[in-house]
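What follows is the residue order along each chain.
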Amino acid sequence: MTEPIRVLVADDQSLLRGSFRVLIDTAPGLTTVGEAGTGTEAVESTRRLRPDVVLMDIRMPGMDGIEATRHIARSPETAQTRILILTTFDLDEYVYGALRAGAAGFLLKDTSPESLLAGIRTVAAGESLLAPSVTRRLIAAFARLPHACPAPGSSLENLTDREREVLLLVARGLSNTDIAEYLHLSHGTVKTHIGRLLSKLEARDRAQLVISAYESGLVTATTDS
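Everything quoted here is computed from the prediction, not taken from an experiment.

What counts and how
- Residues numbered from 1 in each chain as written.
- Predicted model: local features only at pLDDT ≥ 70, side-chain atom pairs only at ≥ 80, totals over all residues.
- Heavy atoms only, no water.
- Helix = DSSP H or I, 4+ residues; strand = E, 2+ residues; numbered from the N terminus.
- Buried < 20%, exposed > 50% of the residue type's maximum accessible area, 1.4 Å probe, protein only.
- Contact = heavy atoms within 4.5 Å.
- Areas by Shrake-Rupley, 256 points an atom, 1.4 Å probe, with all protein chains shown as cover.
- Arc of directions from axis to C-beta.
- pLDDT = per-residue confidence, 0-100.
- Salt bridge = Lys/Arg side-chain N within 4 Å of Asp/Glu carboxyl O.

1. With respect to the overall build of the protein
Then, in step 1: Helices and strands together make up the secondary structure of the protein, namely 10 helices and five strands.
Then, in step 2: For the protein, with 225 residues in total, the buried portion stands at 47%.
Then, in step 3: Once local pairs closer than 6 in sequence are excluded, the contacts in the protein between residues at least 24 apart make up 65%.
Then, in step 4: Summing over all exposed atoms, the protein offers an accessible surface of approximately 10,800 Å²; the carbon and sulfur share of this is 51%.

2. Some words on helix H8 (residues 176–183)
Then, in step 1: Residues Asn 176, Ile 179, Ala 180 and Leu 183 constitute the buried set of H8. For H8, the angular spread of buried residues about the axis comes to 100°, placing them on one side. Exposed residues pointing more than 90 degrees away from the buried face of H8 are listed as Glu 181 and Tyr 182.
Then, in step 2: Elements that come into contact with the buried residues of H8 comprise helix H7 (161–171), helix H9 (187–200) and helix H10 (206–215).

3. Here we look at the confidence of the model for the protein
Then, in step 1: Confidence in the prediction of the protein, expressed as mean pLDDT, is 83, and 82% of residues score 70 or more.
Then, in step 2: Predicted confidence is poor over residues 148–154, with pLDDT under 50, and the contacts of this stretch with residues over four places away or in other chains come to 11 contacts.

4. Looking at the pattern of salt bridges
Then, in step 1: On inspection of all chains with the given rule, the structure shows 10 salt bridges.
Then, in step 2: Note that Arg 162 and Glu 165 form a salt bridge whose closest N and O atoms lie 2.9 Å from each other. In this pair, Arg 162 and Glu 165 both sit in helix H7, three residues apart, roughly one turn of the helix.
Then, in step 3: Residue class for Glu 165 comes out partly exposed when judged on its relative accessible area of 33%.
Then, in step 4: Put simply, Arg 17, Arg 21, Asp 25 and Glu 35 are held in one network by salt bridges that share partners.

Written as structure tokens, this is what we have:
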């Protein structure tokens, strides 16, 4: 039998932690391995328990969820753990910061139970939880930030013209199927290009590709409009 997906719940509200835990533990193929009430506890528990997925709140006392995400994503011993942000804030700078720190995606806390469980399974499978509409709004939110002054850097210099084209479409929120249709390529070819982009840009997942595309200057508010 396949091992269940192991989940750590990190939220400063004990009632929410308990609710999430009950939901996860009653779902097929999922199990919780612990709880954390602060960012520091989330980092320590991830190191100790090695969960597959952390449900991470953003605003917690002491170390917040963004900093905790950064610690988990950048530590070799916990880098394989996937982080799904849960927030009451709809695509503000906190969400952008969390994705940049290494989160695999995010959901709002008022999402349906079915969507939450599906989101856990999605990120556990190595995918990013960023729907096309969400990706476009993420870019728009980044464009509104005071420090949003992306400038072309050397990180894209090793990309081929086709890889740049694919990256641009990823950043605009197109799925692999959409990209294949738009560029008249096979689905397998698009997956190959995505894999090469992840490797060349040292990105964890699709969310990180979007961030790289915007911060390098490949995508701007003008090109996305």
